[in-house]
Amino acid sequence: FDVEHQPESIRKRIGYMSQRFSLYDDLTVGENLDFYGRTYGVRGAKLRERKAFVIEMAGLKGREGELTKNLAGGWKQRLALGAAILHEPEMLFLDEPTAGVDPISRREFWELLYDLADEGKTIFVTTHYMDEAEHCQDLAFIHQGRIIAKGAPEEIKVTTMEGQVMEIDSDKPAEAMEALQRMDVFDEVALYGALIHVVGDDVEAYGDRIQEALDQANVNVRTMDLIPPSLEDVFIANVRQNGNSTE
């Protein structure tokens, strides 16, 4: 379809969910679905059928009469997704749909997205959670308004990542990170939970110097291994290659 000359044809086939919750807090769950369904041109028996599907999908059965403002964040996100798919769009646009949602609700939300994708829906999503991006088929890294890398997750790791990643497990990660940063020879030294990722050209060759620096800092190293880069490693590396800070 031509965006300029066939906007109505496009609107019928796409759904949109904004980062900021956009349903009406002073309407009930059922009233919100009625409103959005009619806005999309879904009425009568078809609307009742689609409402029933959304309520079941979102796990909101029995809560149709509850005011939307009383729902927790994860339930609101499910309801917003349901409103976006009432008219059975072929493509969904989701703008950071899990921002501010707890980890369990985030995982459950993505399970819903996987189900929709399995049904043949195309889902275009922006996210700053790299673990979410890892499960997408195609990615584009955007930094300061520019695409700095694109492709399938594994393709991006292979074709755009320069250098090696060493993962270090130690008893004092904060002290270990400071000692490694003082060496001033690596492109990146960062905490990943309780682990440290050291990124740079031929990091393996610095193994003895790394061990020595950590010994001097009284840090006990449990493991120190080269690992495949994570998407976060790749994103940071691409930002640095493009001459920009991550601030």
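Our structure is the block above this text.
In this report, we go over the structure that sits alongside the text. Treat the numbers as computed from the prediction; the structure is a model and nothing was measured. (Residues numbered from 1 in each chain as written. Predicted model: local features only at pLDDT ≥ 70, side-chain atom pairs only at ≥ 80, totals over all residues. Heavy atoms only, no water.)

**Re the packing of helix H2 (residues 29-39) against helix H4 (residues 73-84)**
Moving on, step 1. Direction vectors running N to C along H2 and H4 enclose 25°, while the axes themselves pass 9 Å from each other. When the axes of H2 and H4 are compared, the pair comes out roughly parallel. Crossing angle aside, the handedness with which H2 passes H4 is right-handed. Residues Val29, Leu33 and Tyr36 of H2 pack against Leu79, Gly82 and Ala83 of H4.
Moving on, step 2. Taken together, the residues that form the contact of H2 with H4 break down as five nonpolar, one polar and no charged. (Axes fitted to C-alpha atoms, helices over the stretch in contact; angles between N-to-C directions. Helix = DSSP H or I, 4+ residues; strand = E, 2+ residues; numbered from the N terminus. Parallel < 35°, antiparallel > 145°, perpendicular 65-115°, else oblique. Left-handed = near helix turned anticlockwise from the far one by under 90°. Contact = heavy atoms within 4.5 Å. Nonpolar A, V, L, I, M, F, W, Y, C, P; charged D, E, K, R; others polar.)

**Description of the sheet that holds strand E9 (residues 221-227)**
Moving on, step 1. Taken in spatial order, the four strands make up an open sheet running E7-E8-E6-E9, and their pairing is antiparallel. Each of the sheet's edge strands pairs with one partner strand only, and the pair in question is strand E7 (188-192) and E9. The mean inter-strand angle of the sheet, taken between neighbouring strand axes irrespective of direction, is 20°.
Moving on, step 2. Helix-sheet contacts for helix H9 (residues 207-216) involve strand E6 (164-170) and E9, and the interaxial angle to E9 is about 150°.
Moving on, step 3. Seen against the sheet, helix H10 (residues 231-241) touches E6, E7 and strand E8 (195-200) and runs at an angle of roughly 150° to E7. (Pairing = 2+ DSSP bridges.)

**As for H2**
Moving on, step 1. Of the positions making up H2, those classed as buried are Val29, Gly30, Asn32, Leu33, Asp34, Tyr36 and Gly37.
Moving on, step 2. In the core, the buried residues of H2 are packed alongside helix H3 (44-58) and H4.
Moving on, step 3. Gly41 occupies a position one or two residues after H2 and carries a positive phi of about 85°. (Buried < 20%, exposed > 50% of the residue type's maximum accessible area, 1.4 Å probe, protein only.)

**Section: unusual backbone geometry**
Moving on, step 1. With phi around 50°, Gln144 is a residue other than glycine that occupies positive phi space.
Moving on, step 2. Mapped onto the fold, Gln144 is located in the loop between strand E4 (139-143) and strand E5 (146-151).
Moving on, step 3. The backbone phi angle of Asp202 is positive, close to 50°, even though this residue is not glycine.
Moving on, step 4. Here Asp202 shows up in the loop between E8 and H9.

**A few points about the side chain of Arg106**
Moving on, step 1. Within the secondary structure layout, Arg106 lies in helix H5 (residues 103-118).
Moving on, step 2. In contact with Arg106, other than residues within four places in its own chain, are Thr98, Val101, Tyr129, Asp131 and Glu132.

**Focus on the pattern of salt bridges**
Moving on, step 1. Enumeration over the complete set of coordinates arrives at 14 salt bridges.
Moving on, step 2. A salt bridge links Glu88 to Lys46, with the nearest nitrogen and oxygen atoms 3.0 Å apart. Here Lys46 lies in helix H3 and Glu88 lies in the loop between H4 and strand E2 (91-95), a separation of 42 residues in the sequence.
Moving on, step 3. Assessed through its relative accessible area of 39%, Glu88 is described here as partly exposed.
Moving on, step 4. For Lys157, the salt bridge is made with Glu154, and the minimal N-O distance between the two is 3.4 Å. Highlighted residues: Lys157 and Glu154, both in helix H7 (residues 153-160), separated by three residues, approximately one helical turn.
Moving on, step 5. Lys157 sits in the buried class, given a relative accessible area of 14%.
Moving on, step 6. When salt bridges that share partners are traced, they join Lys46, Glu49, Arg50 and Glu88 into one network. (Salt bridge = Lys/Arg side-chain N within 4 Å of Asp/Glu carboxyl O.)

**Considering the packing of helix H8 (residues 173-183) against H9**
Moving on, step 1. H9 packs onto H8 with a crossing angle of 125° between their chain directions and a minimal axis gap of 9 Å. When the interaxial angle is binned, H8 and H9 end up oblique. The handedness of the crossing between H8 and H9 comes out as right-handed. Of the residues in H9, those in contact with Ala176, Ala179, Leu180 and Met183 of H8 are Arg209, Ile210, Ala213 and Leu214.
Moving on, step 2. Its residues assigned to classes, the contact of H8 with H9 comprises seven nonpolar, no polar and one charged.

**Regarding H10**
Moving on, step 1. Counting buried positions along H10 yields eight of 11 residues, so the element is predominantly enclosed.
Moving on, step 2. Leu231, Asp233, Val234, Phe235, Ile236, Ala237, Asn238 and Val239 are the residues of H10 that are buried.

**Regarding the sheet that holds strand E1 (residues 14-17)**
Moving on, step 1. Taken together, the three strands give an open sheet; going across it, the order is E1-E2-E3, and neighbouring strands pair in parallel fashion. Two strands bound the open sheet, and with one partner strand each, they are E1 and strand E3 (122-126). For this sheet, the mean inter-axis angle between neighbouring strands, taken without regard to orientation, is 15°.
Moving on, step 2. In this structure, E2 lies alongside E3, joined through five bridges in parallel fashion. Bridge pairing in E3 links Phe93 to Phe124.
Moving on, step 3. H5 contacts E1, E2 and E3 of the sheet and is inclined by roughly 145° relative to E3.

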